[in-house]
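# Summary of the model geometry
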Amino acid sequence: MMQHLIVFPVVLPLVAGILLLYQRQGLVRYKRTVSVVATVLLLLVAIGLLRQAASGEITYYALGDWQAPFGIVLVLDRLSALMLLLTAVLAVGAVVFACAGDDEKGSNFHGLFQWQLLGINGAFLTGDLFNLFVFFEVLLLASYALLLHGGGKARIQASVHYVVLNLAGSSLFLIAVGILYGATGTLNTADMAIRVAELPEERDGLVSAGALMLLVVFGLKAAILPLYFWLPKAYASAPAPVAALFAIMTKVGIYAILRVYSLIFGDSAGGLEALEQPWVWWLSLATLAAAGVGVMAARDLRLLVAYLVLVSVGTLLAGIGMRSPQAVSALLYYLIHTTLITGGLFLLAEMIGLQRGKAGTRIVKGRPMVQGAALAMLFFVGAIAVAGIPPFSGAFGKALMLNAAEGTQRLWLWPLLLLTSLASLIALSRAGSTLFWRSHRGTISGTPLFHCQWFGVIWLLSAAPLLVALAGPVSSYTQATAEQLANPQVLIRTLLPDAGDAQ
């Protein structure tokens, strides 16, 4: 049974999605039960896979027993196991929150939710470029429908930009995969790493073009400047549980960059070192600066949280641009923190909006809320955590990032990251004082919120203190993950034992 556990993160949401879409006219309780049970089971599977990967052993599952490089393989190492667990934790909070009524505002919410998990998990596990493209398309198709869940003019406008840009990115992705396949004759990432190192000189330019095209595609998914303009409105207009799950979407792009460019095109793999291009570092800093300006300019709480996602994107890409195992370890810790906290803030913004009546999530004075004290406390925890103020995990994650910078990198990253944190703190303080302090006159508005909504928010925001309490083991795991990424020969020898020595 344990040898088949690797395929469960793909099969489980696939089967659950089929059951839910087949019974699309079924009872709401049935849909919620199937979706929540499937997501909790996914969490348990992810915990088991993390424990398996923590030993340092890389394992794989060959579908149909067709071995690499010819068959489709799912690969489990420390990084993929970490991303699976992070997705499952985020999904539990989002799907439980949706059971308060967001799932009834449109059709097929739970089925599409499960299929988006299918695409995300498949992208984290796949061992070849074409199936990475396939799983990207699965998660994107589900996200198109989820973004429109419930309808509305704002969602339709945001979805048009989101769909058009991602369709363009998908086309570019397919072209890049075709170029690399034509140049190397393989799509398996481990096999491609070997062949890229042995390419004749006349094909270097072609492979470099394919590698840089992939970097553009992954940069679009991660929302790096100037490819981030679709994100703020799309995330701000999406239903709260969908926006919370979308918090992992940009991290799929970050994961793809880490995976592909450490294995195929990194210096350790003997490749073309595509990330040596200095513009990766500079664009990450530009993304960080632009996101800081967006945070200060936001006049809606959901839009503010969307720009906080962009702040995290710039920070994570800066970690990639530093190109050291210490920086990768730091960005992985920060990635866990920012994904869960921003996901929780999207849910919290919805709860605040529900209790403010017509004022909604706009950062303007309104009537006091019936559960304002509890919401204010959760907002305070989330704001302190996401801004990077002690004693929560944001401060620890940013300290690790700052400590990973070396030489001239410190001259750029330190002031920019600290100033962006200050901008986030100012914007969140302004939002909090307007929503809770200045809104103290008039009749109390809103009705008590559902228990599942409170659970979803507390489940995700509890990561802020837990990541500090568990900073030792979490940092040890991320450090071991960074070291494993820096030594791709182990993965190559696992998948291709006869060819691994060629490296």
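Description of the structure in this document. (Residues numbered from 1 in each chain as written. Predicted model: local features only at pLDDT ≥ 70, side-chain atom pairs only at ≥ 80, totals over all residues. Heavy atoms only, no water.)

In this section: the overall build of the protein chain. Check the secondary structure of the protein chain and you find 21 helices and two strands. When its C-alpha atoms are laid out on the principal axes, the protein chain stretches across 75 × 55 × 40 Å. The burial tally for the protein chain puts 61% of its 503 residues in the buried class. Within the protein chain, residue pairs in contact and separated by at least 24 positions form 80% of the contacts whose partners lie at least 6 positions apart. Of the roughly 19100 Å² of accessible surface on the protein chain, a fraction of 67% belongs to carbon and sulfur atoms. When the 29 positive and 22 negative side-chain charges of the protein chain are each reduced to one mean point, those points stand 24 Å apart. (Helix = DSSP H or I, 4+ residues; strand = E, 2+ residues; numbered from the N terminus. Buried < 20%, exposed > 50% of the residue type's maximum accessible area, 1.4 Å probe, protein only. Contact = heavy atoms within 4.5 Å. Areas by Shrake-Rupley, 256 points an atom, 1.4 Å probe, with all protein chains shown as cover. Lys, Arg positive; Asp, Glu negative; His and termini not counted. Charge placed at Lys NZ, Arg CZ, Asp CG, Glu CD.)

In this model helix α5 (residues 129–147) runs 26 Å from its N-terminal to its C-terminal C-alpha over 19 residues, within 8% of the 27 Å that 1.5 Å per residue would give. Among the residues of α5, the N-terminal cap falls to D128, whose side-chain oxygen and the backbone nitrogen of F130 are separated by 3.2 Å. (Expected span 1.5 Å × (residues − 1). Polar contact = N/O pair within 3.5 Å; in protein donor to acceptor, adjacent residues only side chain to side chain.)

Bringing the environment of V96 into the picture now. Tracing the sequence through the fold places V96 in helix α3 (residues 78–98). Along the primary structure V96 and W454 are separated by 358 residues, whereas in three dimensions their C-alpha atoms are 9.5 Å apart. When near neighbours in sequence (up to four residues on either side) are disregarded, V96 contacts C452 and F455.

Time to look at the packing of aromatic side chains. For the structure shown, the criterion picks out 21 aromatic pairs. Counting every residue linked through ring pairs, the aromatic cluster contains F130, F133, F136, F173, F218, Y261 and F265. (Phe/Tyr/Trp six-rings, centres within 6.5 Å; stacked < 30°, edge-to-face > 60°.)

With respect to the secondary-structure elements, V216 resides in helix α8 (residues 204–222). Separated by 149 residues in sequence, V216 and Q67 have C-alpha atoms that sit 31 Å apart. Filtering out sequence-adjacent residues up to four positions away, V216 remains in contact with L172 and L227.

Summed over all chains, the structure comprises six salt bridges. Between D103 and R32 there is a salt bridge whose closest N-O contact spans 2.8 Å. In this pair, D103 sits in the loop between α3 and α4 (109–125) while R32 sits in helix α2 (residues 28–53), placing the two residues 71 residues apart along the sequence. Grouping residues by exposure puts D103 and R32 together as buried. R32 is the partner of E104 in a salt bridge, and the nearest nitrogen-oxygen pair spans 2.9 Å. Taken together, the residues E104 in the loop between α3 and α4 and R32 in helix α2 connect sequence positions 72 residues apart. By sharing partners, the salt bridges in this structure join R32, D103 and E104 into a single network. (Salt bridge = Lys/Arg side-chain N within 4 Å of Asp/Glu carboxyl O.)

L214, F218, Y235 and F265 are the most contacted members of the largest nonpolar core, which has 187 residues in total. In terms of residues, this core owes the most to one element, helix α14 (residues 325–355), which gives 18 residues. (Core = buried A, V, L, I, M, F, W, Y, C linked by side-chain atoms within 4.5 Å.)

Mapped onto the secondary structure, A98 falls in helix α3. For A98, a relative accessible area of 0% puts it in the buried group. Along the backbone, A98 and G56 are 42 residues apart, and their C-alpha atoms lie at a distance of 36 Å. Apart from residues lying up to four places away in sequence, A98 is in contact with D103, F109 and P241.

What follows is about the packing of α2 against α4. With their axes 9 Å apart at the nearest point, α2 and α4 run at an angle of 20° to one another. Between α2 and α4, the crossing angle belongs to the class labelled roughly parallel. Crossing angle aside, the handedness with which α2 passes α4 is left-handed. For the pair formed by α2 and α4, the contact residues are K31, R32, S35, A38, T39 and L42 on the first element and H110, F113, Q114, L117 and N121 on the second. (Axes fitted to C-alpha atoms, helices over the stretch in contact; angles between N-to-C directions. Parallel < 35°, antiparallel > 145°, perpendicular 65-115°, else oblique. Left-handed = near helix turned anticlockwise from the far one by under 90°.)

Right, let's talk about unusual backbone geometry for a bit. Following L225, the chain continues to P226 via a peptide bond in cis, the omega torsion being 5°. Within the secondary structure layout, P226 lies in the loop between α8 and α9 (231–237). One non-glycine residue, A223, lies in positive phi territory at about 70°. Looking at the element boundaries, A223 is found in the loop between α8 and α9.

Contact pair helix α11 (residues 249–263) / α14: the axes reach a minimum separation of 12 Å and the direction vectors enclose 165°. Between α11 and α14, the angle is such that the two are roughly antiparallel. As α11 packs across α14, the resulting crossing turns out to be left-handed. Listed contacts from α14 to K251, I254 and L258 of α11 are V328, L331, L332, L335, T338 and T339. Residue composition of the contact of α11 with α14, grouped by class: six nonpolar, two polar and one charged. (Nonpolar A, V, L, I, M, F, W, Y, C, P; charged D, E, K, R; others polar.)

Next up on the list: α14. Helical geometry note: an α-helix holds 3.6 residues per turn, so side chains three or four residues apart project in the same direction. With 31 residues, α14 should cover 45 Å at 1.5 Å per step; its first-to-last C-alpha distance of 45 Å lies within 8% of that length. Of all 31 residues that make up α14, 28 are buried, and the element is covered over most of its length. G357 sits one or two positions beyond α14 and adopts a positive phi of about 65°.

Moving on: a nonpolar patch on the surface. Residues V11, L14, V15, I18, L19, L27 and Y30 make up a contiguous nonpolar surface patch of about 580 Å² in total accessible area. In terms of residue count, the dominant contributor to the nonpolar patch is helix α1 (residues 8–22) (five residues). Within the secondary structure, Y30 sits in helix α2. (Patch = residues over 30% accessible without salt bridge, like charges linked within 9 Å, V, L, I, M, F, W, Y side chains within 5 Å.)

Along the chain, T361 turns up in the loop between α14 and α15 (372–387). The exposure class assigned to T361 is buried, which follows from its relative accessible area of 7%.

Tracing the chain through its elements places Q114 in helix α4. When its relative accessible area of 1% is taken as the criterion, Q114 is described as buried. Excluding residues within four positions of it along the chain, Q114 makes contact with P13, A16, G17, L20, S35, A38 and T39.

Without other data, these values stay purely geometric and don't point to any function.
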